[in-house]
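The lines below spell out each chain.
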Amino acid sequence: MNIKILGMGCAKCKALEENTKAALQELGIEVEVEKVQDLNKIIEYVMITPALVINEEVKVAGRVATKDEIKKYIEEYTK
């Protein structure tokens, strides 16, 4: 599984990263969360940040997803 947090490091980006790591911990899944801050790479996926990308699929853009929401997205790939 590949998980990316897209954003330039703002408070919302950090909150999305924290929620993602908390969701992974609760699920007992060890996956490296890649932070993408390069604007050219970000716009390959979205035009608004923060964004959550799982296995190259944009799941959330422009807002901070909750831990429970992220858990549901992750579980889609672990079934």
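No experiment lies behind these values; they were computed from the predicted model shown.

Student: Is there a simple way to think about the UniProt feature "active site" (unreviewed entry) in the protein chain in this case?
Tutor: Under the present numbering, the feature "active site" (unreviewed entry) in UniProt falls on Cys10 and Cys13. Examined against the element boundaries, Cys10 turns out to sit in the loop between β1 (3–6) and α1 (11–27). Residue position: Cys13 is located in helix α1. Once residues within four sequence positions are removed from consideration, Cys13 is found in contact with Ile5, Leu6, Gly7, Met8, Thr49 and Pro50.

Student: Please clarify how α1 should be interpreted in this entry.
Tutor: Because the α-helix completes a turn every 3.6 residues, residues three or four places apart line up on one side. The terminal C-alpha atoms of α1, which comprises 17 residues, lie 24 Å apart, in line with the 24 Å expected from a rise of 1.5 Å per residue. The complete set of buried residues in α1 reads Cys13, Leu16, Glu17, Thr20, Ala23 and Leu24. End-on view of α1: buried residues confined to an arc of 125°, all on one side of the axis. Projecting away from the buried face of α1 at angles above 90 degrees are the exposed residues Ala11, Glu18 and Gln25. In this structure, the buried side of α1 is in contact with β1, β2 (33–36), β3 (51–54) and α3 (67–78).

Student: Sorry, what's going on with the pairing of β1 here?
Tutor: In summary, the side chains of a regular strand alternate between the two faces of the sheet. On β1, burial covers both faces: Ile3 and Ile5 on one face and Lys4 and Leu6 on the other are all buried. With four bridges connecting them, β1 and β2 associate as parallel partners. Considered in β2, the bridge of Ile5 is made with Lys35. This β-α-β element, β1 to α1 to β2, shows right-handed connectivity. Inspection of the sheet shows β1 paired to β3 by four bridges, in the antiparallel sense. By the bridge assignment, Leu6 is partnered in β3 with Ala51.

Cut-offs applied
Residues numbered from 1 in each chain as written. Predicted model: local features only at pLDDT ≥ 70, side-chain atom pairs only at ≥ 80, totals over all residues. Heavy atoms only, no water. UniProt positions renumbered as here; feature names shortened; annotations may be inferred. Helix = DSSP H or I, 4+ residues; strand = E, 2+ residues; numbered from the N terminus. Contact = heavy atoms within 4.5 Å. Expected span 1.5 Å × (residues − 1). Buried < 20%, exposed > 50% of the residue type's maximum accessible area, 1.4 Å probe, protein only. Arc of directions from axis to C-beta. Pairing = 2+ DSSP bridges. Right-handed = clockwise from strand over helix to strand, strands pointing away.

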